[in-house]
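# An overview of the molecular structure
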Amino acid sequence: MTARLIDGKAVAATLRAEVAEKVRAAGFTPGLAVVLVGEDPASSVYVRTKDRAAREAGIDARTIRLPADTSQTDLLGVIRTLNTDPAIDGILVQLPLPNGIDARAVIEAIDPAKDVDGFHPVNVGHLANGHPALVPCTPLGVMKLLRSAGIETRGARAVVLGRSAIVGRPMAALLLTADATVTIAHSRTRDLPAECRGADILIAAVGRPEMVRGDWIKPGAAVIDVGINRLPDGRLTGDAAFVSCAGVAGAITPVPGGVGPMTVACLLENTLTAALRRR
Ligand code: GUN
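Bear in mind the structure is a predicted one, so any value in this text is a computation, not a measurement. (Residues numbered from 1 in each chain as written. Predicted model: local features only at pLDDT ≥ 70, side-chain atom pairs only at ≥ 80, totals over all residues. Heavy atoms only, no water.)

On to the site of the ligand, then. Close to the ligand lie K50, L92, V93, Q94, L95, D117 and F119, which account for all nearby residues. In the environment of the ligand, a nitrogen atom lies 2.8 Å from a nitrogen or oxygen atom belonging to the backbone of V93. Isolated, the ligand exposes 280 Å² of accessible area, and the fraction of that covered by the protein chains is 81%. Given that more than half its atoms are within 2 Å of the pocket grid, the ligand belongs to the largest pocket. Here the shell around the ligand is built from residues that sort into four nonpolar, one polar and two charged. (Near = heavy atom within 4 Å. Polar contact = N/O pair within 3.5 Å; in protein donor to acceptor, adjacent residues only side chain to side chain. Areas by Shrake-Rupley, 256 points an atom, 1.4 Å probe, with all protein chains shown as cover. 1 Å grid on protein atoms, 1.4 Å probe; cavity = no way out; pocket = protein on both sides within 12 Å on 5 of 7 lines; lining within 4 Å. Sits in = over half its atoms within 2 Å of the grid points. Nonpolar A, V, L, I, M, F, W, Y, C, P; charged D, E, K, R; others polar.)

Applying the stated rule across the entire model yields zero disulfides. In this structure C137 is not part of a disulfide, and its nearest cysteine sulfur, from C266, lies 6.4 Å away. There is no disulfide at C245, and the cysteine sulfur nearest it, in C196, is 9.3 Å away. Owing to a relative accessible area of 0%, C245 belongs among the buried residues under this scheme. (Disulfide = S-S within 2.5 Å. Buried < 20%, exposed > 50% of the residue type's maximum accessible area, 1.4 Å probe, protein only.)

Another point: the nonpolar core. Judged by nonpolar contacts, the single largest core of 54 residues is most densely connected at V142, L146, I151, L175 and I203. Here the element with the most residues in this core is helix α10 (residues 259-278); it accounts for nine residues. Setting aside chain neighbours within four positions, we find V142 in contact with M171, I203, I224, V226 and V259. With 20 residues, the next largest nonpolar core counts A3, A204, W216 and A221 among its residues. (Core = buried A, V, L, I, M, F, W, Y, C linked by side-chain atoms within 4.5 Å. Helix = DSSP H or I, 4+ residues; strand = E, 2+ residues; numbered from the N terminus. Contact = heavy atoms within 4.5 Å.)

A few words on empty space enclosed by the protein. If you walk through the whole model with that rule in mind, you get one cavity of 30 Å³ or more. Here the largest cavity defines a volume of roughly 40 Å³. Lining the largest cavity are I91, L92, V93, I107, I110, D115, D117 and F119. At three residues, the largest contribution of residues to the lining of the largest cavity is made by strand β4 (residues 90-93). In terms of residue class, the lining of the largest cavity is built from six nonpolar, no polar and two charged. (Points joined across faces, edges and corners; volume = space filled by probe spheres on them.)

All quantities given are derived from atomic positions and should not be read as evidence of function.
And the structure:
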């Protein structure tokens, strides 16, 4: 069997156009602040991408670049200013933060109503209760990809590989809310291949290049690859070995061009959601 390709770039383009249309209809300009501390090269690329996409959707994006030696006190001060700025609807602090800054304290300082990453404990709690408010962008994007590909979550066995706060945990909560039977597997899981073979929907979010092989996949399953790993030769690859998994799966996302573009599109949607609720 050869898997159907789930085209994240196309689904994301449609969502971005929808957000842009709703921004035009809103009668005001939503504001997004993206905070980057230091000069991590990957983070710099992500932040530029988010800023540009927001502007293209008619969102007033401001990127605030702070030096790597910014103190936690100064960063918390920047966030307090953004919390009270009426023109700002969304605040995103790009992770990871430099050593010496407590990411938890920073996330907890963000006004939950402006937390477009959905990382604040208030929003995490709403999600855990099955009442999603502002939801982390990557898992939200995965849910939209599943829906766009016509993949039924109700009653499906879903395995989430990875238990990070950014992807694995919120992903599992969303799938549970969508009536899947959910397993979270991780580096200490006893027999990872066997767990994965039980999945109708497999979400790979471990950050290990091509760890998931074709013989881990139930024939016909949907494989959603959240990983973006750079190989020594410079190529980007996912957490799933694409060719070997595509030979067994029913549907699969490519890397790049799968989940990545959805993350950015969902950030724009979250910014609009936060703006409409606030105004
Ligand atoms: N670093 C990696 N992914 C993310 C994300 O979704 N949001 C933020 N703020 N930082 C990240």
